[in-house]
Amino acid sequence: MTRDEIVKNVNEILADEYEVEVEEMEASAEMREVLPIDSLSIVDLVALIQANYKVTIPVSELPNLKTFNDLYDYIFNHLPEN
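The structure presented is a predicted model; accordingly, all values stated were derived computationally and were not measured. (Residues numbered from 1 in each chain as written. Predicted model: local features only at pLDDT ≥ 70, side-chain atom pairs only at ≥ 80, totals over all residues. Heavy atoms only, no water.)

Moving on to the pattern of salt bridges. Once the charged atoms of two side chains with opposite charge are near each other, the side chains can pair. In total, this model carries 2 salt bridges according to the counting rule given. Note that Arg3 and Asp73 form a salt bridge whose closest N and O atoms lie 2.7 Å from each other. Here Arg3 is found in helix H1 (residues 3-18), whereas its partner Asp73 is found in helix H4 (residues 68-78), with 70 residues between them in sequence. With a shortest N-O distance of 2.7 Å, Lys8 and Glu12 are connected by a salt bridge. With a gap of 4 residues between them, Lys8 and Glu12 both fall in helix H1, about one helical turn apart. (Salt bridge = Lys/Arg side-chain N within 4 Å of Asp/Glu carboxyl O. Helix = DSSP H or I, 4+ residues; strand = E, 2+ residues; numbered from the N terminus.)

Tracing the backbone through its elements, the reader meets Thr67 in the loop between helix H3 (42-53) and H4. Those residues in contact with Thr67 that lie beyond four places of it in its chain are Ala27, Ser28, Ala29, Glu30 and Met31. (Contact = heavy atoms within 4.5 Å.)

What follows deals with the side chain of Ser41. The residue Ser41 is located in the loop between helix H2 (31-34) and H3 in this model. Taking relative accessible area as the criterion, Ser41 reaches 15% and is therefore assigned buried. In contact with Ser41, not counting residues within four places along its chain, are Tyr18 and Pro36. (Buried < 20%, exposed > 50% of the residue type's maximum accessible area, 1.4 Å probe, protein only.)

Here the focus is H1. In a regular helix each residue adds 1.5 Å, so 16 residues correspond to 22 Å; H1 covers 22 Å between its end C-alpha atoms and thus fits that length. All of the buried residues in H1 are Ile6, Val7, Val10, Asn11, Leu14, Ala15 and Tyr18. Considered in projection along H1, the buried side chains sweep an arc of 150 degrees and stay on one side of the axis. Relative to its buried face, H1 has exposed residues pointing more than 90 degrees away, namely Lys8 and Asp16. (Expected span 1.5 Å × (residues − 1). Arc of directions from axis to C-beta.)

Bringing the nonpolar core into the picture now. One finds Leu14, Leu35, Phe68, Leu71 and Ile75 to be the most contacted residues of the largest nonpolar core, which totals 28 residues. Counting only elements with at least two residues in this core, the list comes to H1, H2, H3 and H4. Contact partners of Leu35, with chain neighbours within four places excluded, come to Leu14, Tyr18, Val20, Met25, Leu45 and Phe68. (Core = buried A, V, L, I, M, F, W, Y, C linked by side-chain atoms within 4.5 Å.)

Once that is clear, we can look at the environment of Asn64. In this fold, Asn64 is placed in the loop between H3 and H4. Linking Asn64 and Asn9, residues 55 residues apart in sequence, is a C-alpha distance of 21 Å.

Buried within H4 are the following residues: Phe68, Leu71, Tyr72, Tyr74 and Ile75. The buried residues of H4 occupy one face: seen down the axis, they fall within an arc of 165 degrees. Against H1, H2 and H3 lie the buried residues of H4.

Here you go:
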């Protein structure tokens, strides 16, 4: 899976789950400013990623995932086939 495919798929999943427009999810935007998530609902986001990509995001990594780019890069770099 290419990074561009990840970006497209993640944006579609998050737009559907959090009822936001894909256009609002600019790569450099902070996820917490665009998505209606707080520290508790971030667990739901992690579960979505794990279910869709088989990528585990340890709690210790969550503070490093601020922007959508951070999330895309993390998924791309931790995909099982990479």
